[in-house]
Amino acid sequence: MEFLEAMPVTFKEITPNYNLPEKWKEVILNTGGTHSTLQDIKLPQKAGGYWYKDSKKVYTRNRFIFWQTTSDAIELSEASLDINLSSANLRCKVAPGTPPLSSITVYERSASRDVVILAATVSSVHRMIFPHPGILDRKSTFGSLSSTSPSIFHDTNAINNPNNYYILNQYSNATIGVAHTCSSLLRENGEAVFALAFGHGGEGGLLLVKLPVTGTAVTTLLKRESTVPRFLSGITGALRGKSNTDGVETYGVVLTNGLAVAICGDTCLRAWQLDEGGAPIAVSTPLSQTLVRPKPPPHGHMLQRTIGSDGSVILVAYLSFPNECEFVVMKMHDGAPGGLRFSHICRIFGPQLDLLDYAIGYGEGSHVIWALWSQPDGETIITSVSAGAEACWRAVAGREAGAALPALSSHQQYRDRLLAPGLFPPSVIRKALVIYNRTWGNSESGVEGDLGEAAMNAVQARLRHLTARTATPDHAHLMHKCWSDLYSWCMQYMEGLQKPLGLMVPKQQESDVESGWWCAVVRRAGISLVCELEALEKMMLSPDAISLDGTGAEAGELSRDAVRVVLAGARWERAAGAGAAELERRLFACAGPQHRLLPRLHVLLSEPPAPILAPQQIDELTSILEPIKDLQNAVLELNDALRLDVPEIDTANNVEEETDEYDCLLASDLGVAIVTEAIRQMAEMRSRVVRGAVMALGACRGAGDVPGAGHCAVHWQAYRALLWLRAATLTQTVGGPSETFRLKLSALGGAAAGGAAGAAGRGCVAAYVGGAGGARARDHLAAARAPTAWHQALPLLAYHLAHQLWAVSGGFEFSWWLASIDQPRLVQNYVTMLEPWCEWNACSRQFILGLALLDLEDAENAYTAFCKAAKGVSTEPFLRKLVAAPDARLTQHQALVYYYMKVIKLFEIHDAGACVVRLAETAISIADKDDSNLAMFQWVVFKWHLSGGRTARALSAAAASPSPHARQTAAATLLTTLASRRELSELVKCSALASEAERAAADRAKLHDAHAHNPYYDFLYALHISRQHYRKAASVMYERAARCGAERGPGAAAVRRRCVAAALTCLRLARPDHAYILRPAPDRASAPVQVIGPDELAAELREEDPDSLGPVQQALLRGGNLDFGALYPSLKDADPETLLAVIKRAISTEQFLPHWFLQRYMEVDGAGLVRALLRGGRAAEAGVALCAALRRAAAALLPRCPAAPRAAPLALADLVLAELRPHVPADRYVEQVYKDLESHVEEYTKVVIRTSEDLKLVC
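So, here is what we can say about the structure in this document.

Cut-offs and rules
Throughout, residues of each chain are indexed from 1 in the direction in which the sequence is written. Note on the predicted model: pLDDT of at least 70 is required for a residue's local features to be given, and 80 or more for side-chain atom pairs to be given and counted; whole-chain, interface and lining totals, by contrast, use all residues. In computing side-chain properties, one takes all heavy atoms of the structure into account and sets aside hydrogens as well as water. By salt bridge we mean one thing: a side-chain nitrogen of Lys or Arg within 4 Å of a carboxyl oxygen of Asp or Glu. Helix and strand assignments follow DSSP, with helices taken as H or I runs no shorter than four residues and strands as E runs no shorter than two, numbered in order from the N terminus. The buried label applies to any residue whose accessible area, calculated with a 1.4 Å probe on protein chains only, is under 20% of its type's maximum; exposed applies above 50%, and partly exposed to all values in between. Whether two strands pair depends on DSSP finding at least two bridges between them. Between N-to-C directions, angles cover 0 to 180 degrees, with each direction set by a line fitted to C-alpha atoms, over the stretch in contact for helices. For this analysis, residues touch if any pair of their heavy atoms sits within 4.5 Å. To estimate the expected span of a helix, subtract one from its residue number and multiply by 1.5 Å. By nonpolar core we mean a set of buried residues, namely Ala, Val, Leu, Ile, Met, Phe, Trp, Tyr and Cys, connected to one another through side-chain atoms within 4.5 Å. Only residues above 30% relative accessible area that lack a salt bridge enter a patch, with like-charged residues linked at up to 9 Å and the nonpolar side chains Val, Leu, Ile, Met, Phe, Trp and Tyr linked at up to 5 Å. Calculation of accessible area relied on Shrake-Rupley with a 1.4 Å probe; when residues are assessed, cover is drawn exclusively from the protein chains displayed. The pairing test for Phe, Tyr and Trp rings, Trp by its six-membered ring, is centres within 6.5 Å, and the orientation test on the planes gives stacked under 30 degrees, edge-to-face over 60, and tilted for anything in between. Roughly parallel here means an angle under 35 degrees, roughly antiparallel means over 145, roughly perpendicular means 65 to 115, and every remaining angle is called oblique. Rotating anticlockwise by less than a right angle from the far helix to the near helix defines a left-handed crossing, while the corresponding clockwise rotation defines a right-handed one. Amino acids outside the nonpolar list (Ala, Val, Leu, Ile, Met, Phe, Trp, Tyr, Cys, Pro) and the charged list (Asp, Glu, Lys, Arg) are all regarded as polar, and Gly is one of them.

## Some words on the pattern of salt bridges
Logical step 1: Here the structure, examined in full by the defined rule, presents 52 salt bridges.
Logical step 2: A salt bridge links Glu26 to Arg91; the shortest N-O distance between them is 3.0 Å. Placement of the pair is Glu26 in strand 2 (residues 25-28) and Arg91 in strand 7 (residues 89-93), with a sequence separation of 65 residues.
Logical step 3: Here Glu26 falls in the partly exposed class, since its relative accessible area comes to 49%.
Logical step 4: Here Arg967 ties to Glu996 by a salt bridge, and the two come within 3.1 Å at their closest N and O atoms. Note that Arg967 is positioned in helix 29 (residues 964-981) and Glu996 in helix 31 (residues 994-1007), a separation of 29 residues in sequence. For the residue pair Arg967 and Glu996, the accessibility class agrees, reading buried in each case.
Logical step 5: Several salt bridges converge on common partners, so that one network encompasses Glu573, Glu584, Arg688, Arg691 and Arg720.

In C-alpha cells, the structure reads:
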C-alpha cells in the first residue's frame, strides 16, 4: 500500500451517467459441449474493446466496440461519442458449461468492407462477420439532421454459418484440460487463426485452430519439443519443482507476424510458426529468476504485444508470483533463416495486487502500459507507466464513495435526491424497487408508470406498515429509514454495475489516433474514459508530488508563488478531512451577500466544530505561504487561472467553410453524458482549489486580510452554482411548452428551445450540452479548426460549455436557454441562488425571473422583477439586444420605452391588466413628448381600464391620446363595449370624444336593424340632446323612422311612430330658424331634396297613428292656442321638457299663462321658467317669476325650513335686470317689477351673509 500511496495521481476517470441498455438482441452460438465432459467450468468475467481505425470519417470517428464475457454469453456493444446507434447491443448466448474465453479481437477489412469479430469458448471458435459502418450509412447523413444510425449488429444472419465456427469437444478432456485463455488473428485472405492455451496443472499445451473462409478447419497441437538442450530445460524444471514432461504449462499467448508466442510457467517465451506447427522455433531465457511457482490463472502470467515505432513486435509480459509481480518488455528480432531471437528492453515492478487486465498504448514517443488492479478490499485502481528505462507509475484518481442519504423533510425531497442526475440509472432504481417491495412482503412488486411516483408509493406503503406497528412513531425517523433502505439497495446494485472488467486502448498499428495517455475502462454498466488531469487538478490531488519551487511541468503556467497557494489549499483540505465539506455547507447555508462571506468564514474558522488544525499543521501551511513575496499577486494569478475565459471567435465564416465534421462532435447521448460529467469534474475540482486556497489563507492570515481573496470567493460561488446546475433536473411538461409560453417567446423574438423536449428527469446541464449549448461550442471549435479526436476535443468542448454555464463569464446564452425551455421553477431557483452575490447580468436574470413568475401566475412579483430588470436596459448586452438592433442609437428613455413595450406584451398574454396599466403609465411618464409610441401606451391604458370595468379612466385615457386615429378606434371600441354594458350614458357625458363617438355611432347605427334594439341611434339621440343640437337629434330619429318603414319587420311600425314623435319634439325645441330636417330622398339621383319642418312631421305622425300621442303632444301638433283647462291633468305632473314645449307654444301664440302652470313650472325648474319667459320676450313676467324664485331660495335658508337649500338664480337676475332697465322710465309696471327684483336680490344676499355668519358662530 505504501507503493500506491507514493504514486502520484495524474489521471481522472470520466464515467458517464446514461441509461443502461435494456434492449438486447440475442442469438445463440453453436458451441457444442455436453454436461458429461464440460461442466463446472468457471472462468473470470473479462472485458475489452476496439476503437475504429479511421478517426477522420464521421461514421467511424470516436466509435468503438466493447465486449464482456459472462458464464453463458458474450455481450457485444457498439457505441459512438458522436452519433446514436440503434440495435447496438448483441448478446451471444452459449450452451451451458461452455463459457467464453477472455480474449476477443476485432478486425476491419477494407477489401470486403466488413467488421470481423473473433471469439472462442472452451469448446468452440467463432468468426462473426458484420457490415462495416462505412457501408451502413451511405444513404444516411450525420450531423444536426440525423439522430440515429444503425449499428453493425443489426444484421446477425452470418453468425451461425457453418463456415464461421468450429467445435473443439475432442480437445477438452481430463488429460489436456480446459482452455483458459486464447489469442486470435485474422489473415489477409480472411482465414481466422486461434491459439488456445490449455490446462493449468495437467499436460497443458497450445492448440492452433485455422478457420478458412470455406472448407474444413485445421487444428494443430503445439508441443514443447525444441532444439534447446534438454539438460538446460530439465534443470529449469527441476529447480521449479516440476517433472520433465512434454506438456507446455501455457499462461498467455499472442499471435503476430505468422507466429504464436506464449509465456510459459518457466517464464520463458516460446515462439511457433503458425503454418508449420511442431516444435517452437525460439525459446527465450527465463524472464525472471524467481523460483517461486507463479499464481494460477486468471491472476498468473499474461502476455500482450504491440508494434514499435520501427515496425518491430514488442512483447509485454506480466509475471505474477505470490509475493511480487513485474512487467517485462521484450523485443522480437529476426534471427537466422527461419529463426527468431528476443531482446530485453526494460523491467517494471508493479504493486502487490491482483492484476485484472492491462493494455498497451503509444504516445509521446514511447509505449504506455495501462493496468487495472484489484485491491484487497475489493476496490480497483488504474495505473499507468511508460515502458522505458525510467519508469514511474502514475495513478488514476479514485472514484468517490457514495455519500449516505441525508435526513430530509419531505417525500418529495427524498424522491428528487434519488432521481438526481448522475446518481442512479432508471434501470437500477427499478430493480431496487422490486427487491425493496419483496423484502417486506409487498404484493405490488411491479414498477409501472412514472419512476418517481413508484418510489414514493413503495416508501409510503412501507412507512404506513411501520407506523401501524409502532405505538409512538417518529415519522421523520421512519421516513428517513424507509428511504435509506431503498437508497442502499440502489447503491448495492450500482456498485455491481460499476465493477471494472477490462481496459480498452487503441493499438498503434490499428488506429491513426495517438493513444498514449488515455484509455477506456469497460465496466459492467458500460464504459468510462480516462484522460490526464489539468495542472490545478494534479496539484490538488497529489500535493506531495509537486515541487514547491513551481518549476515542474505539473505546475503548468502558474508561478511558484501561485503554486504555493494551491498547495497550501491542498494540504489544508487533507488536514481538514470530512470537516471541509461541513464547513463549506455552514458557510453558504445562510445565502448571505458577497461582502459578508469572508467575515463569516473568519467566524466559522474560529468556532467549533470547524476543522481545527493542529499547531504543527498550521505551521506547515505557514511554511508554505511564508516565502511568497507578493501574496496579492499570487492570489490574483490564481484567480486568473481559475477564470473560464474563451476568446472571441468569429463563427460567421463557418457558413462558407465546410464544417459538417463538427456538427455531431460528441453529440450522441453517450458523448453528451461524457461531456456533462467532464464539466462536473472540472467544476468540482476547481471549487475545491478555491475552497482550499481561501481556507488556508483564512487559517493562516485571516481571509479578509488577504487582498484578492474576495475574487476567490466569487469564483468559489460561481463553481458551486455550476455544480448546482449539474444536479438540477428538468420537470415533465405535458405536451411540450404551452401555447402561452410560445406566444411569450414569440413576442420577444425567440422560440421555444429545442433539445429539452422529452428530457423530463434529465439533468439541466445535459439537456443544454445536447442542445443549444453544445451546438454553440461546436461552432467555436469549428472556427478554430480544433482536433476532433475525443481525447483532444473533450477538454476543449467541456471548457467552452463550462464557460457558457459559468455565472460570472459575462455571457447570457445559458440563462436565456433556461428561460426558453418552459422550466419556470428551475429559473426561479437559479436566479434566487445567484441573486445575493452575482453582479454579472443581474438585470437580465431579473428579466428571465419575471418570465418564470408569469408562468407561475405570480404577476405582482413578476412586475417587480421586470422593473428591476429595466435598470440594465442600456448597460447589459442581452437586454440591449432585446429592445433594439445592436447598431441602433437610442437614448436611455427610448430604450426604456421599447423595453416596456416588450414587457407589456408579456403581461397582456397573461391577462394581467393591472400590471399592464402600471407599466404603460410608467412608459408614458418617461417617454419624450414627440415619441410615436405614446398613442400606443394610451391605447393600452384605455383598453385595460375598459376591460376592467373602469369606464371613467378608460374615457380619460382615450381622450388623452394624441393620435386622431387612436381616438377614433377608442370611440368605436367604447361604443361596442358600453352598449353591451348599457353604459352609453358615460360616453354621452365625455365631450372630448363627442365628435369621434358621433361618427362611429352613425356608422354602427346603419349596420344594425333600425326596428330592433339599436343602441347606437339611442346614443346619437342622447348625445345631440345633451349638446342641445335638436335638429341633429331630429334628423337621427327621422332617419331611424324612415329605415323602420322600409324594413317592415315585427314592431317596426311602433318604433317608427316613436321615432317620428321624438323627431317632432326635437324640432319643436329647436329655434324656429333651425326647426327643419332633410327627408331622405328615394334612390334616384335626380330626385330633389325635401325639407320638412314640424308641421310636416306632425302631419306624418297623425297619418301614422293620431291616437298614439298623449294629450299634450296632440295639442302641440294641432297648432293654435292651447286649452290649459283640458290639459291640466297632464300638465300638473309633466316633466321640464314638456313644460318648456308648452310655454314656448303659449308665448309664440301670445297666450295667457295660468298661475297654476307657472307654479308647477316654478316647482320643477324655476330657472328654466325664467329663461323661457326671458327668451320669449316676457321680461316683466320673467322678473315676477324670478322674485318668487328668490323668495323660495331665501326661505330655504331659514333654520327650521323643511325644504333643502337651493342655489338662487342670481346670474339670471342680472340678465333680467339688464333687460328691464331700458324700459323702466316708460312703464310704471316694469319699474315696479325692477325695484322688487332689486330688493329681493339685496334681501337674499343679506340672508346668505347672515346665515354664513351664524354658521361660523355655531362651528
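From this point, the discussion proceeds with the structure in view.
## Here's the deal with the sheet that holds strand 25 (residues 354-363)
One key point about sheets: their strands pair by backbone hydrogen bonds, in either a parallel or an antiparallel sense.
Logical step 1: The mixed open sheet is built from eight strands, whose spatial order is 25-26-27-28-1-31-30-29. This sheet does not close on itself; its edge strands, each paired only once, are strand 25 and strand 29 (500-504). The average angle at which neighbouring strand axes cross in this sheet is 25 degrees, direction not considered.
Logical step 2: In this sheet, strand 28 (residues 394-396) lies alongside strand 27 (residues 380-386) in antiparallel orientation, the contact comprising two bridges. Each bridged residue has a counterpart across the sheet, and for Ser384 the counterpart in strand 28 is Arg394.
Logical step 3: Strands strand 1 (9-14) and strand 31 (526-532) of the sheet are contacted by helix 14 (residues 669-701), whose axis makes an angle of about 140 degrees with strand 1.

## Some thoughts on helix 29
Logical step 1: In a regular helix each residue adds 1.5 Å, so 18 residues correspond to 26 Å; helix 29 covers 25 Å between its end C-alpha atoms and thus fits that length.
Logical step 2: Restricting attention to buried positions, one finds in helix 29 the residues Ala966, Arg967, Ala970, Ala971, Ala972, Leu974, Leu975, Thr977, Leu978 and Ala979.
Logical step 3: Of the residues trailing helix 29, Arg982 is marked for its positive phi of about 60 degrees.

## Concerning the side chain of Thr250
Logical step 1: Among the secondary structure elements, Thr250 is positioned in strand 17 (residues 250-256).
Logical step 2: Setting aside chain neighbours within four positions, we find Thr250 in contact with His180, Ala197, Gly205, Leu206, Ala262, Ile263 and Cys264.

## Points about the nonpolar core
Logical step 1: Core analysis: the largest hydrophobic core is formed by 170 residues, its most contacted members being Ile679, Phe847, Phe866, Tyr899, Phe907 and Phe1019.
Logical step 2: For this core, the leading source of residues is helix 34 (residues 1052-1069), giving 11 residues.
Logical step 3: Not counting residues up to four positions away in its chain, the partners in contact with Phe907 are Leu854, Ala859, Ala862, Tyr863, Phe866, Ala912, Cys915, Val916 and Leu919.

## Quick notes on a nonpolar patch on the surface
Logical step 1: On the surface, Tyr1076, Leu1078, Val1089 and Val1091 cluster together into a nonpolar patch covering about 370 Å² of accessible area.
Logical step 2: Summarising the element assignment, Leu1078 is placed in strand 32 (residues 1077-1079).

## Overview of the packing of aromatic side chains
Logical step 1: Per the stated rule, a full pass over the model turns up 39 aromatic pairs.
Logical step 2: Ring centres 5.0 Å apart and planes at 85 degrees place the aromatic pair Tyr768 and Phe814 in the edge-to-face group. With a gap of 46 residues between them, Tyr768 in helix 17 (residues 764-769) and Phe814 in helix 20 (residues 813-819) connect regions that are remote in the sequence. Across the pair, exposure class does not vary: Tyr768 and Phe814 are buried alike.

## Considering the packing of helix 26 (residues 913-926) against helix 27 (residues 934-947)
Logical step 1: In the contact formed by helix 26 and helix 27, the axes pass within 9 Å of each other and the chain directions differ by 155 degrees. Regarding the angle of helix 26 to helix 27, the classification is roughly antiparallel. The two elements helix 26 and helix 27 cross, and the hand of that crossing is left-handed. Counted together, Gly913, Val916, Val917, Ala920, Glu921, Ala923 and Ile924 of helix 26 and Leu934, Phe937, Gln938, Val940, Val941, Trp944 and His945 of helix 27 form the full contact between these two elements.
Logical step 2: Counted by class, the contact of helix 26 with helix 27 contains 10 nonpolar, three polar and one charged residues.

## Looking at the pairing of strand 31
Logical step 1: The buried fraction of strand 31 is high, at six of seven residues.
Logical step 2: Bridge count between strand 1 and strand 31: four bridges; the pairing is antiparallel. Counted as the bridge partner of Phe11 is Glu532 from strand 31.
Logical step 3: Direction of pairing for strand 30 (residues 519-523) relative to strand 31: antiparallel, over a ladder of five bridges. Opposite Cys519, over in strand 31, you have Val530 as the bridge partner.
Logical step 4: Hairpin remark: strand 30 followed by strand 31, antiparallel, with two residues in the connecting loop.

## Re the pairing of strand 9 (residues 114-121)
Logical step 1: Of all eight residues in strand 9, eight are buried, a share of seventy percent or more.
Logical step 2: Here strand 9 shows a buried face lined by Asp114, Val116, Leu118 and Ala120 and a second buried face lined by Val115, Ile117, Ala119 and Thr121.
Logical step 3: In terms of strand pairing, strand 8 (residues 105-109) meets strand 9 through five bridges, oriented antiparallel. Residue Tyr107 lies in a different strand from strand 9, and its bridge partner there is Val116.
Logical step 4: Note: strand 9 against strand 10 (residues 124-131), eight bridges, orientation antiparallel. By the bridge assignment, Asp114 is partnered in strand 10 with Pro131.

## Re the packing of helix 25 (residues 892-909) against helix 27
Logical step 1: For the pair helix 25 and helix 27, the least separation of the axes is 12 Å and the interaxial angle reads 25 degrees. What the angle tells us is that helix 25 and helix 27 run roughly parallel. In this structure, helix 25 meets helix 27 at a crossing whose hand is left-handed. Contacts from Val897, Met901, Ile904 and Glu908 in helix 25 reach Met936, Phe937, Val940, Lys943 and Trp944 in helix 27.

## A look at the sheet that holds strand 7
Logical step 1: Read across the open sheet, the five strands follow the order 2-7-5-4-3; overall the sheet is mixed. At either end of the open sheet lies a strand with only one pairing partner, and these are strand 2 and strand 3 (47-51). Direction aside, the axes of adjacent strands within the sheet are offset by 20 degrees on average.
Logical step 2: Here strand 4 (residues 63-69) runs beside strand 5 (residues 73-80); their pairing, made up of seven bridges, is antiparallel. Bridging across to strand 5, Ile65 finds its partner in Glu78.

## Section: the environment of Trp370
Logical step 1: Along the chain, Trp370 falls in strand 26 (residues 366-374).
Logical step 2: Taking the relative accessible area as the measure of exposure, Trp370 reaches 0% and is therefore buried.
Logical step 3: The spacing of Trp370 and Ala395 is 25 residues in sequence and 9.6 Å in space, taken between C-alpha atoms.

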